[in-house]
Amino acid sequence: HLLEMNVEIKDTKRPLLSLMFLGPVGVGKSLACEIIAENLFGEDNVFTLNMSLYQDPYSLKELLSSNKGIYGEESSSFIKKIKTHPHLLLIIDEVDKANNEVLDFIHSILDRGGFFDLKGKYIDMHNAMIIMNSNYGFSDENSFSSNIKRDKQTHKIFRFILFSPYDYSVNT
């Protein structure tokens, strides 16, 4: 069904497909990412960013530069991977934990289909598929996902896929 969804939402200025997997811990969001990666992209064409590592004010600099916290001459492993594998699956794990500057950066990638590296070269992500994971559900009105859910512009950028715990008592 992912390929069918792609036909519906393809926008030439945005990444190939952008999804947001939402649900509590242990419902299979990461497993779903692994299955998609294995079946559609292959091991070499997957890159995962764990946003729990990008929570401080210097996070965006760390994401874009190989020199921690300093804008350096050499690109980060993230940028190198995108340059060498333009048809990749980018998994953004625990997106709700990212620093606000990093979230703005991710949002601009989703909206524009790419970004400029430290040398001013445009990094095209039109052929990438992006999956973001969040452990938050929709029960907390102040949660990250509730705020995104109310943002109409966000719905134009990516699709939500909700994961919920399996109730074993129903089938016993």
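Structural notes, computed from the coordinates.

About the criteria used
Residues numbered from 1 in each chain as written. Predicted model: local features only at pLDDT ≥ 70, side-chain atom pairs only at ≥ 80, totals over all residues. Heavy atoms only, no water. Helix = DSSP H or I, 4+ residues; strand = E, 2+ residues; numbered from the N terminus. Expected span 1.5 Å × (residues − 1). Buried < 20%, exposed > 50% of the residue type's maximum accessible area, 1.4 Å probe, protein only. Arc of directions from axis to C-beta. Patch = residues over 30% accessible without salt bridge, like charges linked within 9 Å, V, L, I, M, F, W, Y side chains within 5 Å. Areas by Shrake-Rupley, 256 points an atom, 1.4 Å probe, with all protein chains shown as cover. Salt bridge = Lys/Arg side-chain N within 4 Å of Asp/Glu carboxyl O. Lys, Arg positive; Asp, Glu negative; His and termini not counted. Charge placed at Lys NZ, Arg CZ, Asp CG, Glu CD. Phe/Tyr/Trp six-rings, centres within 6.5 Å; stacked < 30°, edge-to-face > 60°. Pairing = 2+ DSSP bridges. Core = buried A, V, L, I, M, F, W, Y, C linked by side-chain atoms within 4.5 Å. Contact = heavy atoms within 4.5 Å.

Moving on, we get to helix 2 (residues 29-41). One full turn of an α-helix is made of 3.6 residues, so residues set three or four places apart face in the same direction. Taking 1.5 Å of rise per residue, 13 residues should cover 18 Å, and helix 2 covers 17 Å from first to last C-alpha, within 8% of that figure. Within helix 2, burial applies to K29, A32, C33, I36, A37 and F41. One face of helix 2 carries all of its buried residues, which in axial projection span an arc of 135°. Every exposed residue of helix 2 that faces more than 90 degrees away from the buried side is listed here: E38 and N39. Positioned one or two residues after helix 2, G42 has a phi angle of 85°, which is positive.

The backbone phi angle of E94 is positive, close to 55°, even though this residue is not glycine. Following the sequence through the fold, E94 ends up in the loop between strand 3 (89-93) and helix 5 (100-112). Of the residues examined, E94 reaches a relative accessible area of 16% and is grouped as buried.

Looking now at a negative patch on the surface. A surface patch of negative charge is lined by E34, E38, E43 and D44. Note that D44 resides in the loop between helix 2 and strand 2 (46-50).

All chains considered together, the criterion is met by 5 aromatic pairs. Ring plane angle 10° and centroid distance 5.8 Å describe the contact between F78 and F115, whose orientation is recorded as stacked. Of this pair, F78 sits in helix 4 (residues 77-84) while F115 is found in strand 4 (residues 114-116), placing the two residues 37 residues apart along the sequence. Comparing F78 with F115, the two get one shared label, buried.

Attention shifts here to the pairing of strand 1 (residues 17-22). In terms of burial, strand 1 is a largely internal element, 6 of the 6 residues being buried. Residue alternation in strand 1 divides its side chains into two sets, L17, L19 and F21 and S18, M20 and L22, and both sets are buried. Note: strand 1 against strand 6 (residues 129-134), 6 bridges, orientation parallel. Paired with S18 across the bridge in strand 6 is I130.

Here we take up the pattern of salt bridges. Enumeration over the complete set of coordinates arrives at 3 salt bridges. Two residues, D111 and R14, come together in a salt bridge whose shortest N-O distance is 3.1 Å. Of the two residues, D111 is situated in helix 5 and R14 in the loop between helix 1 (2-9) and strand 1; the sequence distance between them amounts to 97 residues. One salt bridge in this structure joins E94 and K97, with 2.6 Å as the shortest N-O distance.

Side chains that are nonpolar tend, in soluble globular proteins, to be buried together. If you look at the biggest cluster of nonpolar residues, it comprises 29 residues, and the most contacted ones within it are F78 and F115. Elements supplying a minimum of two residues to this core: strand 1, strand 2, helix 3 (59-64), helix 4, strand 3, helix 5 and strand 6. Broken down by element, the residue count for this core peaks at 6 residues, all from helix 5. Once residues lying within four places of it in the same chain are set aside, the contact partners of F115 are L64, F78, I79, I82, F105, I109, K121, Y122, I123 and M125. Listed in part, the 15 residues of the second largest apolar core include L19, A32, I91 and M129.

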